[in-house]
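# Survey of secondary and tertiary structure
Chain by chain, the residues run as shown.
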Amino acid sequence: MIETPGYLPTEALFPIVVDAMFTKNFLLVMFLGLCSYVGLTTSSETSKGMSMAVTFVMTMSAILTWPIFYYLLKPNKLMFLQTICFILVIASFVQLVEFIIHRYSPALYRSLGIYLPLISTNCAVLGVVLLNVKEDFTYGASIVYAFGAGLGYSWVMLATAAIREKLIMRGVDRFSGFIGAFFAAMMMALIVVSYFGVVKL
């Protein structure tokens, strides 16, 4: 008999979404997936495209990796292959997203540049599917958590892009480079961890 996590009540799913979006936000609290954050938050359009791509890959990867782990790897005692299998699944969805964007939005494809294929090795995406297994989430909870993590990634990307874009337009050049991105991340992280009680300031 295959052992899978038990039933999770519907009312327990909302705290999982809040946790993924704010309390344990991958960008501001866990500091995972910062390469695209640093490189793409100077433009709202580019940030929006990357956010949609990452959310899609996170959610679809969760949908596929959970049954792979519980119905293939765990019963056959092949858990040591989980990272490799998960990366292959993520890379497959990234290729699909890359093809769709290249086909229907060449301008966005060019603006995303190297960061689009790098979603395959984005530690935030891999972190989501690994945490689903580590936390013993049910199938539904794992999908909800992945989608919530994608929303958390998205709001941080879009908020930072809006702030940096306005400041750069007003001539505040220090927000246009690498240091500016980390300064913006630091300020937003302080707000989030203080408001949600992650760290008492």
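The present account deals with the structure reproduced in this document. Since we're looking at a predicted model, the values are computed, not measured.

The rules behind these values
Residues numbered from 1 in each chain as written. Predicted model: local features only at pLDDT ≥ 70, side-chain atom pairs only at ≥ 80, totals over all residues. Heavy atoms only, no water. Helix = DSSP H or I, 4+ residues; strand = E, 2+ residues; numbered from the N terminus. Buried < 20%, exposed > 50% of the residue type's maximum accessible area, 1.4 Å probe, protein only. Contact = heavy atoms within 4.5 Å. Areas by Shrake-Rupley, 256 points an atom, 1.4 Å probe, with all protein chains shown as cover. Phe/Tyr/Trp six-rings, centres within 6.5 Å; stacked < 30°, edge-to-face > 60°. Salt bridge = Lys/Arg side-chain N within 4 Å of Asp/Glu carboxyl O. Core = buried A, V, L, I, M, F, W, Y, C linked by side-chain atoms within 4.5 Å. Arc of directions from axis to C-beta.

## A short note on the overall build of the protein
- The helix and strand inventory of the protein stands at 8 helices and 0 strands.
- Walking the protein from its N terminus toward its C terminus, one meets helices and strands in the order α-α-α-α-α-α-α-α.
- The buried share of the protein, taken over its 201 residues, is 41%.
- Taking contacts inside the protein between residues at least 6 apart in sequence as the whole, the part at least 24 apart equals 77%.
- Of the roughly 10600 Å² of accessible surface on the protein, 69% is carried by carbon and sulfur atoms.

## So, the side chain of S61
- Looking at the element boundaries, S61 is found in helix α3 (residues 44-73).
- When sequence neighbours within four positions are dropped, the list of residues in contact with S61 reads V89, I90, F93 and V129.

## Quick look at the packing of aromatic side chains
- What the rule picks out here adds up to 8 aromatic pairs.
- Grouped by ring-pair contacts, the aromatic residues W66, F69, Y70, Y71 and Y139 constitute a single cluster.

## Topic: the pattern of salt bridges
- Counted by the stated rule, this structure contains 2 salt bridges.
- Put simply, K24 and D19 hold a salt bridge, and the shortest N to O gap is 4.0 Å.
- Classification of K24 by relative accessible area gives partly exposed; the value is 38%.
- Relative accessible area serves as the criterion here: at 23%, D19 is assigned to the partly exposed category.
- With a closest N to O distance of 3.6 Å, K48 and E45 form a salt bridge.

## Observations concerning the nonpolar core
- In terms of nonpolar packing, the biggest core is built from 51 residues, with Y37, M50, V57, I119 and Y145 touching the most fellow members.
- Those elements giving two or more residues to this core turn out to be α1 (13-23), α2 (34-40), α3, α4 (82-104), α5 (106-112), α6 (123-134), α7 (139-169) and α8 (178-195).
- The dominant element in this core, judged by the number of residues it contributes, is α3, at 10 residues.
- Excluding residues that lie within four positions of it along the chain, V57 makes contacts with I90, F93, V94, V97, I119 and V125.

## Let's talk about the environment of F26
- Mapped onto the secondary structure, F26 falls in the loop between α1 and α2.
- On a C-alpha basis, the gap between F26 and V128 in space is 8.9 Å, while along the polypeptide they are 102 residues apart.
- When near neighbours in sequence (up to four residues on either side) are disregarded, F26 contacts F31, L32, A124, G127, V128, L131, Y145 and A149.

## Some details on α1
- Listed as buried for α1 are I16, A20 and M21. Projected down its long axis, α1 shows its buried positions confined to an angular sector of 120°, all on one face.
- Looking at the buried side of α1, the elements it contacts are α7.

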